[in-house]
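The lines below spell out each chain.
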Amino acid sequence: QVHLVESGGGLVQAGGSLKLSCAASRSIHTFAVMSWYRQGPGKHRELVASITDDGRMTTADSVTGRFTISRDDAKNTVSLQMNTLKPEDTDVYYCHAQSVTLGFPYNYWGQGTQVTVSS
């Protein structure tokens, strides 16, 4: 099985920073795209940022300019640097990986890490 393990969440004051990391159990070159999602109580899970295996990056409008996604192939990790955090960023953040085999997508999820931003 593919395992994704998130770390780096915690409690931070508004305006502060956190860096989330996602460690994969296999080479991240096997994933077409890796992403960070977030979900809070009573809310749908939303895409925060993603990065493809060839380095193309996207971020949600709500975090553009504040969050940066990156990947470290040597460590099989993908990270999310979160700066200028706001209370509305409070959510459980999930690492996601997708591979495509014979035209079919396969999706893998981590257990999530809590990010709480106080005002």
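Residues numbered from 1 in each chain as written. Predicted model: local features only at pLDDT ≥ 70, side-chain atom pairs only at ≥ 80, totals over all residues. Heavy atoms only, no water.

A. Structural context of the pairing of strand E1 (residues 4-7). Burial along E1 is one-sided: Leu4 and Glu6 are buried, and none of Val5 and Ser7, which face the opposite way, are. In terms of strand pairing, E1 meets strand E3 (residues 18-24) through 4 bridges, oriented antiparallel. Across the sheet, residue Glu6 finds its bridge partner in E3, namely Cys22. (Buried < 20%, exposed > 50% of the residue type's maximum accessible area, 1.4 Å probe, protein only. Helix = DSSP H or I, 4+ residues; strand = E, 2+ residues; numbered from the N terminus. Pairing = 2+ DSSP bridges.)

B. Representation of unusual backbone geometry within the structure. A positive phi angle, near 50 degrees, is found at Thr84, a position not held by glycine. Classification of Thr84 as partly exposed rests on a relative accessible area of 44%. Unusually for a residue other than glycine, Leu102 sits at a positive phi of about 55 degrees. Examined against the element boundaries, Leu102 turns out to sit in the loop between strand E9 (91-101) and strand E10 (104-109). On the basis of relative accessible area, Leu102 is assigned to the exposed category, the value being 80%.

C. Highlighting the state of the cysteines. Enumeration according to the criterion identifies 1 disulfide in this entry. One disulfide bridge connects Cys22 with Cys95, the sulfur atoms lying 2.0 Å from each other. Here the disulfide of Cys22 and Cys95 is left-handed, its torsion about the S-S bond being about -80 degrees. A residue pair is termed long-range when its members are at least 10 positions apart, and Cys22 in strand E3 and Cys95 in strand E9 qualify at 73 residues. In this structure, Cys22 and Cys95 share a single accessibility class: buried. (Disulfide = S-S within 2.5 Å.)

D. Main features of the pattern of salt bridges. Evaluated as defined, the whole model comprises 7 salt bridges. Salt-bridge contacts for Asp89 lead to Arg66; the nearest nitrogen and oxygen are separated by 2.8 Å. Here Arg66 lies in the loop between strand E6 (57-59) and strand E7 (67-72) and Asp89 lies in the loop between strand E8 (77-82) and E9, a separation of 23 residues in the sequence. Look at Asp89 and you get buried, because its relative accessible area is 1%. Note that Asp73 and Arg71 form a salt bridge whose closest N and O atoms lie 3.4 Å from each other. A single network of salt bridges, built from pairs that share partners, joins Arg38, Lys43, Glu46, Arg66, Asp89 and Asp91. (Salt bridge = Lys/Arg side-chain N within 4 Å of Asp/Glu carboxyl O.)

E. Focus on the nonpolar core. In this structure, Met34, Trp36, Leu80, Met82 and Tyr93 are the most contacted members of the largest nonpolar core, which totals 27 residues. Those elements that place two or more of their residues in this core are E3, strand E4 (33-39), strand E5 (46-52), E7, E8, E9 and strand E11 (113-118). Element by element, the count of residues in this core is highest for E3, at 4 residues. Contacts of Met82, omitting those with residues within four sequence positions, involve Gly16, Ser17, Leu18, Leu20, Arg66, Phe67, Tyr93 and Val115. (Core = buried A, V, L, I, M, F, W, Y, C linked by side-chain atoms within 4.5 Å. Contact = heavy atoms within 4.5 Å.)

Purely geometric stuff here, so don't read any function into it on its own.
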